[in-house]
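Each chain is listed here by its residues.
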Amino acid sequence: QLAEVEGELSASRAAAAEVGEAIAGRQREMGDAVDEHGTLSRGLTEARARCAELAREAERLRAAAAAVRVATPEDAAEDEQQDEGQRCRSRPAQLSDAAHEQRSVQAKLSLHRAHLLRLEKENKEL
């Protein structure tokens, strides 16, 4: 009878060891899953930040393109005039060019200000 109890005790210990090994295996799997989740979460956070950065850059480029479109028709005509008669320009034409360039600089400056104000607002929200 004692041998029978010792046999059952031995079987129970073996089963307990198997259960312990299974638990340890599951814990390793869970640890690996947590590590993978952390890595993927960091990647996702970085991707979202990059996406927001690219959206801001796209908006800035759209504003710059709009400014260029506004200035381009006059600039194209001026470029043609410069190629044809650069040496023959009169003083009033040079003054007109300076005034146009001043307006262009002012337009670009206002776009940059708007961009900086938008960035400041975004920074305050963060």
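Reference entry: report on the structure contained in this document. (Residues numbered from 1 in each chain as written. Predicted model: local features only at pLDDT ≥ 70, side-chain atom pairs only at ≥ 80, totals over all residues. Heavy atoms only, no water.)

**Some details on the overall build of the protein**
Argument step 1. Assigned secondary structure in the protein consists of 2 helices and 0 strands.
Argument step 2. Within the protein, the fraction of its 126 residues that count as buried is 8%. (Helix = DSSP H or I, 4+ residues; strand = E, 2+ residues; numbered from the N terminus. Buried < 20%, exposed > 50% of the residue type's maximum accessible area, 1.4 Å probe, protein only.)

**Quick look at the pattern of salt bridges**
Argument step 1. Following the criterion strictly, the structure yields 4 salt bridges and no others.
Argument step 2. With its nearest N and O atoms 2.6 Å apart, the salt bridge here joins Arg60 to Glu57. Taken together, the residues span about one helical turn, with Arg60 and Glu57 both in helix H1 (residues 2–85) at a distance of 3 residues.
Argument step 3. Under the relative-accessibility criterion, Arg60 is labelled partly exposed at 29%.
Argument step 4. Take Glu57: its relative accessible area is 32%, and that puts it in the partly exposed class.
Argument step 5. We note a salt bridge from Glu59 to Arg62, for which the minimum N-O separation is 3.4 Å. (Salt bridge = Lys/Arg side-chain N within 4 Å of Asp/Glu carboxyl O.)

**Some words on the side chain of His115**
Argument step 1. With respect to the helices and strands, the residue His115 is situated in helix H2 (residues 91–125).
Argument step 2. Reaching out from His115, the side chain makes a polar contact with the side chain of Arg118 at a distance of 2.9 Å.
Argument step 3. In this view, His115 contacts Arg56 and Arg60; residues no more than four positions away in its chain are not counted. (Polar contact = N/O pair within 3.5 Å; in protein donor to acceptor, adjacent residues only side chain to side chain. Contact = heavy atoms within 4.5 Å.)

Geometric values such as these leave the question of function open.
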